[in-house]
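Listed below, chain by chain, are the residues.
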Amino acid sequence: MIFLIRLLLNALAVFIIAHLLSGVTVNGYVGAIIVALVLAILNLFVKPILVIFTLPVTILTLGLFLLVINALIILLADKLIDGFAVNSFWTALLFSILLSILQSILHTLIKEQKTD
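What comes next concerns the included structure.

The rules behind each value
Residues numbered from 1 in each chain as written. Predicted model: local features only at pLDDT ≥ 70, side-chain atom pairs only at ≥ 80, totals over all residues. Heavy atoms only, no water. Helix = DSSP H or I, 4+ residues; strand = E, 2+ residues; numbered from the N terminus. Rg over C-alpha atoms; globule rule 2.2 N^0.38 Å. Buried < 20%, exposed > 50% of the residue type's maximum accessible area, 1.4 Å probe, protein only. Contact = heavy atoms within 4.5 Å. Areas by Shrake-Rupley, 256 points an atom, 1.4 Å probe, with all protein chains shown as cover. Lys, Arg positive; Asp, Glu negative; His and termini not counted. Charge placed at Lys NZ, Arg CZ, Asp CG, Glu CD. Core = buried A, V, L, I, M, F, W, Y, C linked by side-chain atoms within 4.5 Å. 1 Å grid on protein atoms, 1.4 Å probe; cavity = no way out; pocket = protein on both sides within 12 Å on 5 of 7 lines; lining within 4 Å. Points joined across faces, edges and corners; volume = space filled by probe spheres on them. Nonpolar A, V, L, I, M, F, W, Y, C, P; charged D, E, K, R; others polar. Phe/Tyr/Trp six-rings, centres within 6.5 Å; stacked < 30°, edge-to-face > 60°. Patch = residues over 30% accessible without salt bridge, like charges linked within 9 Å, V, L, I, M, F, W, Y side chains within 5 Å. Salt bridge = Lys/Arg side-chain N within 4 Å of Asp/Glu carboxyl O. Expected span 1.5 Å × (residues − 1). Bend = angle between axes of the 7 residues up to and from the residue.

1. Some points on the overall build of the protein
Check the secondary structure of the protein and you find 5 helices and 2 strands. Taking 2.2 N^0.38 as the reference for a compact globule, 116 residues should give roughly 13 Å; the C-alpha atoms of the protein span a radius of gyration of 14 Å, in line with that estimate. In terms of principal-axis extent, the alpha carbons of the protein reach across some 40 × 35 × 25 Å. Buried residues in the protein amount to 35% of all 116 residues. For the protein, long-range pairs separated by at least 24 residues make up 62% of all intrachain contacts whose partners lie at least 6 apart in sequence. When the accessible surface of the protein is totalled, it reaches about 7,200 Å², and 75% of it is carbon and sulfur. Here the protein contributes 5 positive and 4 negative side-chain charges, whose respective centroids are spaced 8 Å apart.

2. Overview of the nonpolar core
Grouped burial of nonpolar side chains is what soluble globular proteins tend to show. If you look at the biggest cluster of nonpolar residues, it comprises 30 residues, and the most contacted ones within it are Ile 74, Phe 84, Phe 95 and Leu 99. Those elements that place two or more of their residues in this core are helix H1 (2-20), strand E1 (24-26), helix H2 (28-53), helix H4 (65-80), strand E2 (84-86) and helix H5 (89-115). Among the elements that take part in this core, H1 stands out by supplying 7 residues, more than any other.

3. Digging into the layout of surface pockets
The computed volume of the largest pocket comes to approximately 330 Å³. Lining the largest pocket are 17 residues, with Asn 10, Leu 39, Ala 40, Asn 43 and Gln 103 sitting closest to its centre. Elements represented by at least two residues in the lining of the largest pocket include exactly H1, H2, H4 and H5. Residues belonging to the lining of the largest pocket are distributed by class as follows: 8 nonpolar, 7 polar and 2 charged.

4. Points about the packing of aromatic side chains
Per the stated rule, a full pass over the model turns up 3 aromatic pairs. A centroid spacing of 5.8 Å and a plane angle of 75° characterise the contact between Phe 15 and Tyr 29, whose relative ring orientation is edge-to-face. Linking Phe 15 in helix H1 with Tyr 29 in helix H2, this pair joins segments that are 14 residues apart in sequence.

5. Topic: a nonpolar patch on the surface
Among the surface-exposed residues, Met 1, Ile 2, Leu 4, Ile 5, Leu 8, Leu 12, Ile 16, Leu 20 and Tyr 29 lie close enough to one another that they form a single nonpolar patch of about 830 Å² accessible area. For the nonpolar patch, the leading source of residues is H1, giving 7 residues. Here Leu 4 falls in the partly exposed class, since its relative accessible area comes to 46%.

6. A look at H2
If you check H2, its first and last C-alpha atoms are 35 Å apart, about what 26 residues at 1.5 Å a residue would give, namely 38 Å. Along its length, H2 reaches its greatest deviation from straightness, about 40°, at Asn 43. Those residues of H2 that sit buried are Gly 31, Ala 32, Val 35, Ala 36, Val 38, Leu 39 and Leu 42.

7. Concerning the environment of Thr 61
Along the chain, Thr 61 turns up in the loop between helix H3 (55-60) and H4. A relative accessible area of 30% means that Thr 61 is categorised as partly exposed.

And the structure:
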């Protein structure tokens, strides 16, 4: 149940950011749910492999290279999903940063409501 709530919150975040950024398009809320699901799968399987391969660069950049990995994951999702499009690497980088911020805000709000 928690996974489903988190997935819907992530889809809401994708939908909101896609409407805020001009370089990102998503086809409706169902498309945002698909994007959120694909991003969850890519973050589960592909991201750890990329982090391991780029560990020296990540250490040298004090972790900032993880932003590049997140942008690459967004671009990979763009290639896998027909109803999702990102114009450039820089747009994907900004999208990943905004998505992380909005996800943390939404997940914090849900945690605060559960404790009340």
